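What follows is each chain in one-letter form.
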Amino acid sequence: MLSAHEAFVRAEREFSHPAPEPTLDDLRSDLARAIGDFANQNFADRYGPLVGSVVENTAEQILRDFESNGMKARTELSFVAQELANRILRGLNG
C-alpha cells in the first residue's frame, strides 16, 4: 500500500508529464478492436475464426459513418436554428 507521500509524488509526476491526448481515430480504432474481440470470444465457434476481424472492420466503418452523419446533422441543425431565429426576429421587427 502506498503511503500518502508516495501517492503525492506519483500524482505530481503524472501531472507534470501528462500523456498526449488520444485522437478520435485512435479512440474509434480502440472501440472497434474491443467490439471485434468481444465478437471473436463469443461467436468464433459458431461463425468461424474471422468473425472478430469482420466485426471490427464493420464497427469501425459504422462509427466513422455515425461521426460523419453527426457532423452533417449538427450543421443542418445550426442552419435551421439560425433560419428560425432570423424569421422570428424579422417577424418581431416587421
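Look up a bit, the structure's there.
This is a predicted model, so every value here is computed, not measured.

K.L.:
Looking at this structure, I do not really get the pattern of salt bridges. What am I missing?
P.N.:
If charged atoms from side chains of opposite charge come close, those side chains can pair. Taken as a whole and judged by the stated rule, the model has six salt bridges. In this structure, the salt-bridge partner of R33 is D30, at a minimum N-O distance of 2.9 Å. Remark: D30 and R33 occur in helix α2 (residues 24-47); sequence separation between them is three residues, near one turn of the helix. By relative accessible area, which is 41% here, D30 ends up partly exposed. The partner of E83 in a salt bridge is R87, and the shortest N-O contact between them spans 3.2 Å. Here the residue E83 and the residue R87 both occupy positions in helix α3 (residues 51-93), the gap between them amounting to four residues, near one helical turn. Using a relative accessible area of 26% as the deciding quantity, one classes E83 as partly exposed. Several salt bridges converge on common partners, so that one network encompasses D25, R28 and E67.

Rules behind the numbers
- Residues numbered from 1 in each chain as written.
- Predicted model: local features only at pLDDT ≥ 70, side-chain atom pairs only at ≥ 80, totals over all residues.
- Heavy atoms only, no water.
- Salt bridge = Lys/Arg side-chain N within 4 Å of Asp/Glu carboxyl O.
- Helix = DSSP H or I, 4+ residues; strand = E, 2+ residues; numbered from the N terminus.
- Buried < 20%, exposed > 50% of the residue type's maximum accessible area, 1.4 Å probe, protein only.

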